[in-house]
Each structure stands twice: as structure tokens, then as C-alpha cells.
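# Remarks on the overall topology
Okay, here's what each chain looks like letter by letter:
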Amino acid sequence: MDRISNNLMDFAIAARESKKPGVLSFLWSADTHFQTMDNNVWGSSPEMIEEVCRAANLCDVDFMTVAGDLVNGYYDITHQRRDLFILSRLLEGCRAPLMLTMGNHDDNAWYSSGEASRKDYGGAEHVLTKENWYAIAMGSRLGGFVCDQENPFGGWYYKDFPRARIRVIALTTTDLPYIENPDKSLRYYGQWTYGFRQEQLRWLAEKALRFDEEGWGVMTLTHVSYAALALAIPGEKLPYNSDIVMGVIDCFKNKKSGSFEGASPDFPAEISCDFTENRSCEFIASFNGHIHSDLQSEENGILSLSTEDLVGHRSFDLVAIDRNKRQIVCKKYCGGPRPEKDRCITY
Ligand SMILES: [Fe+2]
């Protein structure tokens, strides 16, 4: 075994000692912005990705997530595909289940918009669709999760962790229509527009939040927050149809029924849900990336948390959710001395 620093060893020992009945542990990272062009001058280095996987393995986490913006999207789609391929294979060094979600840099729409290395509109042909993104990044590993059978590469899936009785639901906020204008500009670029559409919303309302057993709790993983403007970049709005996501979660928490309609014609949605007979109803929190900082906010009745990035801060969180204490403990790790950034949140 390679030599382990005392810093990492103590971190891993503490992580392993936190594994108890009722406790879920996971490694929470985000925003790698991986990019092989220009000698990785912007994105996380391969060595950093390997270190994250090594930490996840030593900590024996239940799962690991990279919560969006895995690749940077500054260059053409060939490089975006290759970067995602290389990064995903590096991430396969993690032995725990890997739950990935798309961020606003991942669909390459930044390049297609003419504002990155390309200086004119590239059209939809330079967009990496969510289906292709998840096929490259996760592929048959998605078979280890419960997916939407009609959209197995859509980017929405969940996994149950029985020791803590927690269901982790991954959603994608890059669920967009790529509508081309005559000049090849797009009506929506993933770089600045986020949203949920009918198929994903219906799966959330009809499948992902359904329980035949009592005592389960739910957490979600998304890149952009669907509930907290405090976790948005200043001036941004919440993703399209966030009100439906929040409405469905509110019905889940209160064992109610409800019906919701999308307000935007490009994001049509009609969703009905009925949780009156559902057996579990605890919503724990929404975990996000995107804002590149450690924030928490309770808005619209939902606790939302974000973490720093791997690209600049070179740090990530080891999270332990204790169902019995109703506590979320986030321990910060970076390569050097441990920063004083641990968080303990009661939900
Ligand atoms: Fe982002």
C-alpha cells in the first residue's frame, strides 16, 4: 500500500468510526471542471481525482458523488467527450457506488454559445446531450441504481441504503430543450439555463418518492439548487419547474396529494401526485454544487447545502447523516492541513 499521510489516515479512521446503524456516510465533491487542453491549467488535475477516490476508499464511504460540472465545456465537443471519458475512468478508481449528476458546464453549451473558445454559434450539434453524457460517464454502472426504465440514461436515478434507511435520489438540472434559431444560436444554453421537464418530474412524483415501508428518509443530489436562491449565483433564478419539484416534495413530506402545471411553454409539465397512502415521509436535505462555496439555507421548507469545489479549493466533504440524532456532519478535507470548515447541521 502507498504511504498514507497521518492527516488522511486520521480522517479515514474518524470516517470509519462514524459508521453505525442509522448513519449514512458519503464523499461529497463537486465542480471538477476537468479539462485536458492547456495542460489542465483550469480543471482539476488527474492526481487530484485519484486522491479523492483514494480518500473515498480509505474512508469506506457508502457512496461518492461529484455533484456536477465534471468537465469544463470551453472547447469543442470532441474534447468535451474525451475529457468526460478520461475523468469518468479516473473516478472508477472509487470502489463505492458513484452517483454523478450533470452541471451547467457539462453539456458543452458554453462553447456552443460562442462565448468560450468558439466565437460564433455552434448550434445543437456541439451540445452533449444528457443521454450521451450519462452513457459516457456512468454507462452500465447505472444498472446498480434504480433508473427510470423509459429513460435509463436520462440522469435521474436513486439508490437505497438500508443501514441508515436513506434513499439518495440523483436528479439533473440540465434537463433542457435545445431549440435552434435560424442563426444556429440556441434558445437555451445549459451554461445559464437550468430546468426539469415532464419525464423527470413524473418519475420523481410517481416512482422515486414512493415507499412501501415506514421509516425511510430521502435526500437529493443536484448541481444547481431547486429550492434556495441563497445557493444561486447572484442574479440567477431557480431552475425551470423548480416550483413543481418543491410542490411534489411538500406533498411527500405532508402525505398529501397535489397537481402542478409548468408555467413556461418550452418546459411543459403536468404532474399529479398522491402520497396519502405513502409509508415514509422524511425529507432530509438537498445537496448541491455550483456555487463553489460552503453554504446552507432553508428556503421553501427545504434544507439546501452546497460545498466548495475541487478545481479551486481542492477540497471536499465527508458527510455523515445520523438519522437518530437528525444531524448532518460535514468534515472538510483538503490535501494540506485540515481547514476549520467542519459543519454540523440539525435537520
Ligand atoms: Fe455550476
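How each quantity is defined
- Residues numbered from 1 in each chain as written.
- Predicted model: local features only at pLDDT ≥ 70, side-chain atom pairs only at ≥ 80, totals over all residues.
- Axes fitted to C-alpha atoms, helices over the stretch in contact; angles between N-to-C directions.
- Helix = DSSP H or I, 4+ residues; strand = E, 2+ residues; numbered from the N terminus.
- Contact = placed C-beta atoms within 7 Å.
- Nonpolar A, V, L, I, M, F, W, Y, C, P; charged D, E, K, R; others polar.
- Pairing = 2+ DSSP bridges.
- Expected span 1.5 Å × (residues − 1).
- Buried ≥ 20, exposed ≤ 12 C-beta atoms within 10 Å, placed from the backbone.
- Parallel < 35°, antiparallel > 145°, perpendicular 65-115°, else oblique.
- Core = buried A, V, L, I, M, F, W, Y, C linked by C-beta atoms within 7 Å.

## Section: the packing of helix 3 (residues 77-91) against helix 5 (residues 130-137)
Contact pair helix 3 / helix 5: the axes reach a minimum separation of 8 Å and the direction vectors enclose 35 degrees. For the pair helix 3 and helix 5, contact is made by Arg 81, Leu 84, Phe 85 and Ser 88 and by Trp 133, Ile 136 and Ala 137, respectively. A breakdown of the residues in the contact of helix 3 with helix 5 according to their chemical character gives five nonpolar, one polar and one charged.

## Describing the sheet that holds strand 10 (residues 282-288)
Spatially, 4-5-6-7-10-12-11 is the arrangement adopted by the seven strands of the open sheet, whose pairing is mixed. Looking at the sheet topology across the chains shown, the edges are occupied by strand 4 (146-147) and strand 11 (295-299). Across three bridges, the pairing between strand 10 and strand 12 (residues 302-306) is parallel. Bridge pairing links Ser 286 to Ser 304 in strand 12.

## Section: helix 7 (residues 242-253)
At 3.6 residues per turn, the α-helix brings residues three or four places apart onto the same side. Look at helix 7: 16 Å from first C-alpha to last across 12 residues, which is about the 16 Å you get at 1.5 Å a residue. Residues of helix 7 that are buried include every one of Ser 242, Ile 244, Val 245, Gly 247, Val 248, Ile 249, Cys 251 and Phe 252, and no others. Of the surrounding elements, those touching the buried residues of helix 7 are helix 6 (198-208), strand 8 (257-261), strand 9 (270-274), strand 10 and strand 12. Of the residues flanking the end of helix 7, it is Lys 255, one or two places downstream, whose phi is positive at about 50 degrees.

## Some words on the environment of Ala 15
Mapping Ala 15 onto the fold places it in helix 1 (residues 6-17). Setting aside its immediate chain neighbours within four residues, Ala 15 contacts Ser 25, Cys 59, Asp 60 and Leu 318.

## Points about the sheet that holds strand 1 (residues 23-29)
Taken together, the six strands give an open sheet; going across it, the order is 3-2-1-13-14-15, and neighbouring strands pair in mixed fashion. Both outer strands of the open sheet, strand 3 (98-100) and strand 15 (343-346), are each paired with one neighbouring strand and no more. Between one strand axis and the next, the sheet turns by 20 degrees as a mean value, whatever way the strands run. Sheet analysis places strand 2 (residues 63-66) next to strand 3, joined by three bridges and oriented parallel. Note on strand 3: the bridge partner recorded for Met 64 is Leu 98.

## A look at the packing of helix 1 against helix 2 (residues 46-59)
Look at helix 1 against helix 2: their axes get within 8 Å of each other, and the N-to-C directions meet at 45 degrees. When the axes of helix 1 and helix 2 are compared, the pair comes out oblique. Touching Leu 8, Ala 12, Ala 15 and Arg 16 of helix 1 are Ala 55, Leu 58 and Cys 59, all from helix 2. Within the contact of helix 1 with helix 2, the residues separate by chemical class into six nonpolar, no polar and one charged.

## Here we look at the nonpolar core
Counting 104 residues, the largest nonpolar core has Leu 27, Val 168 and Val 248 as its most contacted members. At seven residues, helix 2 tops the list of elements feeding residues into this core. If near-sequence neighbours (up to four positions away) are discounted, Val 168 is found in contact with Phe 63, Met 99, Tyr 158, Lys 159, Phe 161, Met 219 and Leu 221.

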